[in-house]
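# Descriptive structure summary
What follows is the residue order along each chain.
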Amino acid sequence: MSRVDRILFDHFAIAVSRMADAASFLSGELGGVPDAGQPSGAFTWGTYRFEGGGSIEVMEPVGPSDFLHRFLSERGAGIHHVTFKVPSLAEACARAESAGYGIVGRDDSDPEWKEAFLHPKQALGIVVQFAESGPPHAGSPSMALPPGVPGAPPPVKVLGLRMRCQSVKRAMTQWKTVLQGTAAKGPRGELVFSWSGSPMRLAVEIDPVQTEGPIAVELASRRRLSLPAGPHPVLGAVFRKEEV
């Protein structure tokens, strides 16, 4: 890990009951390459890397009931959070607070990984993680890759997430003012937020009536993909192939 000089959309995470059950799709169908992972207190995480650098994290609960158990119990498997690497955790938190957000779960104790969160009730239906990373220190746990699949196909490109928000103002406040993304109009009238140096983006549909939150994981691929018509039975998220 190393410090960044600007905000980067680093990855998004999907909560599942068993990480091993996700490998046949993320690696076997989408071609994701096992990239990093390790136990982290009450859960274990692993990431898969895709064409162009897009990253999907899978989280599996460990031990007694905690936030991930509650998430799975209440919602089932699905998209849990988005992670943004920031140059300064203090500055990101101050910017969020000045925009009216409350900060939860802030932890500055580890110089290798300082973090804080926005709660989904405020943050447009998804947990938002700010992370300030630093060089590994002595005694850091070694990485343990998530499972892959022998003979996996070439990786697809993960374009990012399609989201829903109830107003332009709310979307602009969160993704542009607080997280300093660049906003543009998408081909279907959505707002597309991107970050220089980040391989993924957020496409945000504006609907004043529907529930806010993630809609789908958007993919691009030169090969045919076998994607479920609705939410994936293990990952809980909808995966869509987009024409680009």
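Preceding this section is the structure that the text describes.
The notes below deal with the structure included here. From a predicted model like this one, the values you see are computed outputs, not experimental measurements. (Residues numbered from 1 in each chain as written. Predicted model: local features only at pLDDT ≥ 70, side-chain atom pairs only at ≥ 80, totals over all residues. Heavy atoms only, no water.)

### Brief notes about the sheet that holds strand β14 (residues 239–241)
As a reminder, the rule being used: A pair of strands is treated as paired once DSSP finds two or more bridges between them. Put simply, DSSP H or I for four residues or longer makes a helix, DSSP E for two residues or longer makes a strand, and each gets a number counted from the N terminus. Each axis is a line fitted through C-alpha atoms, taken for helices only over the stretch in contact, and angles between the N-to-C directions span 0 to 180 degrees. Throughout, a residue-residue contact means that at least one pair of heavy atoms, one from each residue, lies within 4.5 Å.
If you trace the 6 strands from one edge of the open sheet to the other, you get β10-β11-β12-β9-β13-β14, paired in mixed fashion. Lying at the two open borders of the sheet, with one neighbouring strand each, are β10 (182–185) and β14. Averaged over all neighbouring strand pairs, the angle between strand axes comes to 30°, with direction disregarded. Against the sheet, helix α4 (residues 168–178) makes contact with β9 (157–165), β10, β11 (191–194) and β12 (201–206), and its axis sits at roughly 5° relative to β11, the strand it touches most.

### Considerations on the pattern of salt bridges
Just so we agree on the cut-off: Salt bridges, as used here, are contacts in which a Lys or Arg side-chain nitrogen is within 4 Å of a carboxyl oxygen on Asp or Glu. Accessibility here uses a 1.4 Å probe with only protein chains present; expressed as a share of the type maximum, an area under 20% marks a residue as buried, one over 50% as exposed, and anything in between as partly exposed.
Applying the stated criterion to the full structure yields 12 salt bridges. Among the ionic pairs, Asp21 bridges to Arg18, the shortest N-O distance being 2.9 Å. Residue Arg18 is classed as partly exposed on the basis of its relative accessible area of 47%. Between Glu218 and Arg162 there is a salt bridge; the shortest N-O distance is 2.5 Å. With a gap of 56 residues between them, Glu218 in strand β13 (residues 213–220) and Arg162 in strand β9 connect regions that are remote in the sequence.

### Notes on unusual backbone geometry
Unlike most non-glycine residues, Leu124 shows phi in positive territory, near 60°. Take Leu124: it is sitting in the loop between β7 (113–118) and β8 (127–133). Look at Leu124 and you get buried, because its relative accessible area is 2%. A positive phi angle, near 60°, is found at Gln180, a position not held by glycine.

### Brief notes about the nonpolar core
Heads up, the condition is: Buried Ala, Val, Leu, Ile, Met, Phe, Trp, Tyr and Cys residues form a nonpolar core when they are joined through side-chain atoms within 4.5 Å.
If you look at the biggest cluster of nonpolar residues, it comprises 52 residues, and the most contacted ones within it are Phe12, Leu26, Phe84, Val128, Phe130, Trp175 and Phe239. In this structure, Ala13, Ala36, Leu68 and Phe71 belong to the second largest nonpolar core, which totals 9 residues.

### Observations regarding the side chain of His81
Quick note on the threshold: What qualifies as a polar contact is a pair of N or O atoms within 3.5 Å, subject to a donor-acceptor requirement within protein and to the restriction that residues adjacent in sequence count only when both atoms come from side chains.
Mapped onto the secondary structure, His81 falls in strand β5 (residues 78–85). What makes His81 buried here is its relative accessible area of 5%. A polar contact is formed between the side chain of His81 and the side chain of Thr83, at a distance of 3.3 Å. Beyond its immediate stretch of four places on either side in the chain, His81 contacts His11, Phe12, Ala13, Glu57, Met59, Ile126, Val127 and Gln129.

Function cannot be inferred from these measures alone, as they are strictly geometric.
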